[in-house]
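What follows is each chain in one-letter form.
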Amino acid sequence: MPEAPKSTTFNRGQQEYSLAEKNKKALQFIEDVTANADQVQKRVLAEILTRNAHADYLQRHGLSGHTDRDTFKKTMPVITYDDLQPDVTRIANGDTSPILCSHPISEFLTSSGTSGGERKLMPTIEEELDRRSLIYSLLMPVMNQFVPGLDEGKGMYFLFIKSEAKTPGGLVARPVLTSYYKSSHFRERPYDPYTNYTSPNETILCPDSYQSMYSQMLCGLCQHKDVLRVGAVFASGFIRAIRFLEKHWSLLCHDIRTGTLNPQITDPAVRDAVAEILKPDPKLAGFVEGECSKDSWQGIITRLWPNTKYVDVIVTGTMSQYIPTLDYYSNGLPLVCTMYASSECYFGLNLNPLCKPSDVSYTLIPTMAYFEFLPVHRNNALSNTPISVPKSLNEKEQQDLVDLADVKLGHEYELVVTTFAGLYRYRVGDVLRVAGFKNKAPQFNFICRKNVVLSIDSDKTDEVELQSAVKNAVNHLVPFDAMVAEYTSYADTMTIPGHYVLYWELSVKGSTPIPPSVFEDCCLTMEESLNSVYRQGRASDKSIGALEIKIVESGTFDKLMDYAISMGASINQYKTPRCVKFAPIVELLNSKVVSKYFSPKCPKWVPGHKQWCNKN
């Protein structure tokens, strides 16, 4: 198997040579594993099965002693988290026998838990940190091909941890990014100009989200000329940082002017770390104050951090709705999505990072896990109808799974992984579309999470379709210089018939009031954008009521995030849920509604050659 690049300790005198060598090795590693993708995958599977041969899970399914791919595919079932949960519970309760894998489970990684469902516990082993570190080590060598000179400055990244919990058996349970940031791989990383951040480790590792955000923003402002790239994990997290600056810039300017840290920052380690950076600088304070006090915040990123070359955030999937806001704040800087990962496994990276957000594709690195792909189909390829993926698979559907090297261009698949940490043919829940190939390895567009849907009757609306409908509807707001800053949805089945509810938080820059008829037009446009099953339910079957838009107060979605974090979600992994079901979240949203509007008539529905457009 191709050898993964090793971390390098840099000395300033030999930095240029060392970086060139490190970059060359990293890029060669990518070439090698993608050129031999299928062979690497066979070896990865054999290694996983060999080392875990005595695990209870493999013995239970009659696979102990077998390492070939054909036997694996015939023997092992394709599973979801529900199938895995009894084994997870055993481990969580303290059973240390080799249940899933031969290596001891070192901790559990928690799913983001932001859509109102149960947070999942993903078992992991110590060596998985090496694989995550490998992906991180490949990012900047790839990026350096497109934006040279990144070693000459710093990155301003807003990174956060979440306080961890313990299972009854004493294992730590925490989000994957918290696990990485608290590991020695991150905390004790050797000097590398590519991981030279404006935020000291102590500010990232501070468990208080306010103190962490404040101190990271302050350090970023103090080093504003050194910043060459900015970012966070998700687009929503970076925008939250900019909105934090909007609220607190006067306090930050006071600290910069006086060289003293706000007394609200009480964490001793944070105060000591910031003291190394914060010095009295009235000139910088005046500059920041002058920019932040202007009426318009357009281009605030390039105004405050003038050497910034790109914004490093995830803007694929539902995060794409933040693109206009990021463009506004950054004056259209490139939006870069670098990697694709989850709690289950780190998957791959974007080899063309300066592409348009709509063109982002990820190359799966064949050494990370064993990958299989379950074909998924839309009800009608000519319309944006929901992706259909069965919850449980019959024998034929399990046989339909294809390997990494056998996927077809343009086809969509649900990702299935077998990992070193003991997941076997586990359905991740991500739907991917094959966009191209790097040598023999496919490159995938991220389409959506398959389980984020709205449904009232027989209709099913997926995340992609909902996003498209909202995008079409907001065109009605353009003449009023308004946009949807955030949104989520809810299937209200308490009414008869049930109906879709959209919660919109607006960003309005225009002075002309928006008439109610405009919002009604938005409702109808959304309905016209939805699939034919939905429109039949509305126009013919009358099984679905009129779509409703509820306008909520400014700041509502910040409160929604605060609530999710208070309930255990990670600030790093938090994504605004595009569909909510959890009663307290719905109650919170409803308590912030300032106005509501319904679709004024049924959408058009055409059964065969006959056109239906029933009036309400």
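To be clear, the structure that these remarks concern was listed above.
Nothing here was measured: the structure is a model prediction, and the numbers come from that model.

## Remarks on the packing of aromatic side chains
In total, this model carries 21 aromatic pairs according to the counting rule given. Pairing Tyr328 with Tyr329 gives two aromatic rings, centres 5.6 Å apart and planes at 65 degrees, and the pair type is edge-to-face. Residue classification places Tyr328 among the partly exposed residues on the basis of a relative accessible area of 23%. A connected cluster of aromatic rings, assembled from ring pairs, spans Tyr136, Tyr180, Tyr181, Phe186 and Tyr346. A cation over a ring is seen here: Arg131 above Phe420, with NZ or CZ 3.6 Å from the ring centre. The lysine or arginine in question, Arg189, covers the ring of Phe186, its NZ or CZ lying 4.2 Å from the ring centre.

## Some details on the environment of Ala20
When you line up the elements, Ala20 lands in helix H1 (residues 15-35). Look at Ala20 and you get partly exposed, because its relative accessible area is 44%. Residues Ala20 and Pro141, spaced 121 residues apart in sequence, show a C-alpha to C-alpha distance of 8.8 Å.

## Notes on the sheet that holds strand E22 (residues 499-508)
Pairing in this open sheet of 4 strands is mixed, and the strands run E21-E22-E23-E24 from one edge to the other. Where the open sheet ends on each side, the last strands, each with one partner, are strand E21 (482-492) and strand E24 (593-598). Between one strand axis and the next, the sheet turns by 25 degrees as a mean value, whatever way the strands run. In terms of strand pairing, E21 meets E22 through 10 bridges, oriented antiparallel.

## Some thoughts on the environment of Gln145
You can see Gln145 is positioned in the loop between helix H6 (128-144) and strand E3 (154-157). By relative accessible area, which is 49% here, Gln145 ends up partly exposed. In the structure, Gln145 is positioned 206 residues away from Leu351 in sequence and 9.8 Å away in space, judged by C-alpha atoms.

## A short note on the pattern of salt bridges
Per the counting criterion, the structure on display carries 27 salt bridges. In this structure, Arg51 and Glu47 form a salt bridge, with 3.3 Å as the shortest nitrogen-oxygen distance. Of this pair, Arg51 and Glu47 both sit in helix H2 (residues 37-51), 4 residues apart, which is roughly one turn of the helix. Judged by relative accessible area, which is 22%, Arg51 ranks as partly exposed. Close ionic contact of Arg425 with Glu372 constitutes a salt bridge, the shortest N to O distance being 2.7 Å. One end of the pair, Arg425, is in the loop between strand E16 (412-418) and strand E17 (426-438); the other, Glu372, is in strand E12 (residues 370-375), and 53 residues separate them in sequence. With respect to burial, Arg425 and Glu372 carry one shared label: buried. A network of salt bridges, in which partner residues are shared, links Asp38, Arg69, Lys73, Glu372, Asp403 and Arg425.

Basis of the calculations
- Numbering of residues starts from 1 in each chain and follows the order in which that chain's sequence is written.
- Totals for whole chains, interfaces and linings use every residue, but because this is a predicted model, local features are given only for residues with pLDDT of at least 70 and side-chain atom pairs only at 80 or more, for both listing and counting.
- Hydrogens and water molecules were not included; the side-chain quantities draw on all heavy atoms of the structure.
- Any two of the Phe, Tyr and Trp rings considered here, Trp counted by its six-membered ring, make a pair once their centres fall within 6.5 Å; the pair's planes then place it as stacked at under 30 degrees, edge-to-face at over 60, or tilted in between.
- Relative accessible area decides the class of each residue, using a 1.4 Å probe on protein chains only: under 20% of the type maximum gives buried, over 50% gives exposed, and in between gives partly exposed.
- In this analysis the charged atom, NZ for Lys or CZ for Arg, is taken to sit over a ring once it is within 6 Å of the ring centre and within 35 degrees of the ring normal.
- By the criteria applied, helices consist of DSSP H or I runs no shorter than four residues and strands consist of E runs no shorter than two, each listed in order from the N terminus.
- One bridge is not enough; two strands pair if DSSP finds at least two bridges between them.
- Orientation is described by lines fitted to C-alpha atoms, with helices fitted over the stretch in contact, and by angles between N-to-C directions that extend from 0 to 180 degrees.
- A pair is scored as a salt bridge if a Lys or Arg side-chain nitrogen falls within 4 Å of a carboxyl oxygen belonging to Asp or Glu.

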